[in-house]
Amino acid sequence: MILRIDFDSETPIYVQIKNQVIEGIAKSEIEIGEELPSVRALAEDIGVNMHTVNKAYNMLKDEGYIKIDRRKGAVVSLNLNQSIEKFREDLDENLYFYMAQCFNRNISKDEIKLYIDKVFLDFNNKENS
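Summary of the structure given here. Only a predicted model underlies this, so the values are computations on that prediction, with no experimental measurement involved.

**Notes on helix α4 (residues 84-104)**
Think of an α-helix as 3.6 residues a turn; residues three or four steps apart then line up on the same face.
Phase 1 of the analysis: When the terminal C-alpha atoms of α4 are compared, their 30 Å separation across 21 residues agrees well with the 30 Å that a helix rising 1.5 Å per residue should span.
Phase 2 of the analysis: Positive phi appears at N106, one or two residues downstream of α4, with a value of about 60 degrees.

Below, the structure written as structure tokens:
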């Protein structure tokens, strides 16, 4: 598993780790049943504190993306705990905010659609890999 951490980003490192694992699962770069590196190993690999990786793994566990097994460690499970209704509410709220930012920056509806198509294709290409 290769993570690209931007130490200059305003996004906290634990959020970057969490987001990249979720994206990796969506792109089939990380498979269901795959064991993730131990907290200690990943922390050493990317040069961060173990508590940072632990926080990311706990968030992934709480959201149902991984399970923690005493023998195997963190394993991708994709047992999403959040109800689809709650997820859609969160999606609507967050998308509305991002759309407001696009509107304020004069990003056109067509540009937004192109970006959405590109991202969807990135995740949909996992079947062709």
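**Focus on the pattern of salt bridges**
Phase 1 of the analysis: Following the criterion strictly, the structure yields three salt bridges and no others.
Phase 2 of the analysis: Measuring nitrogen to oxygen at the nearest pair gives 3.3 Å for the salt bridge that ties K18 to E63. Taken as a pair, K18 in helix α1 (residues 13-26) and E63 in helix α3 (residues 50-63) lie far apart in primary sequence, 45 residues in all.
Phase 3 of the analysis: Owing to a relative accessible area of 12%, K18 belongs among the buried residues under this scheme.
Phase 4 of the analysis: Since its relative accessible area comes to 30%, E63 is described here as partly exposed.
Phase 5 of the analysis: K86 is the partner of D90 in a salt bridge, and the nearest nitrogen-oxygen pair spans 2.7 Å. One end of the pair, D90, and the other, K86, are both in helix α4, four residues apart, so they sit about a helical turn from each other.
Phase 6 of the analysis: You can call K86 partly exposed: its relative accessible area is 38%.

Calculation rules
- Residues numbered from 1 in each chain as written.
- Predicted model: local features only at pLDDT ≥ 70, side-chain atom pairs only at ≥ 80, totals over all residues.
- Heavy atoms only, no water.
- Helix = DSSP H or I, 4+ residues; strand = E, 2+ residues; numbered from the N terminus.
- Expected span 1.5 Å × (residues − 1).
- Salt bridge = Lys/Arg side-chain N within 4 Å of Asp/Glu carboxyl O.
- Buried < 20%, exposed > 50% of the residue type's maximum accessible area, 1.4 Å probe, protein only.

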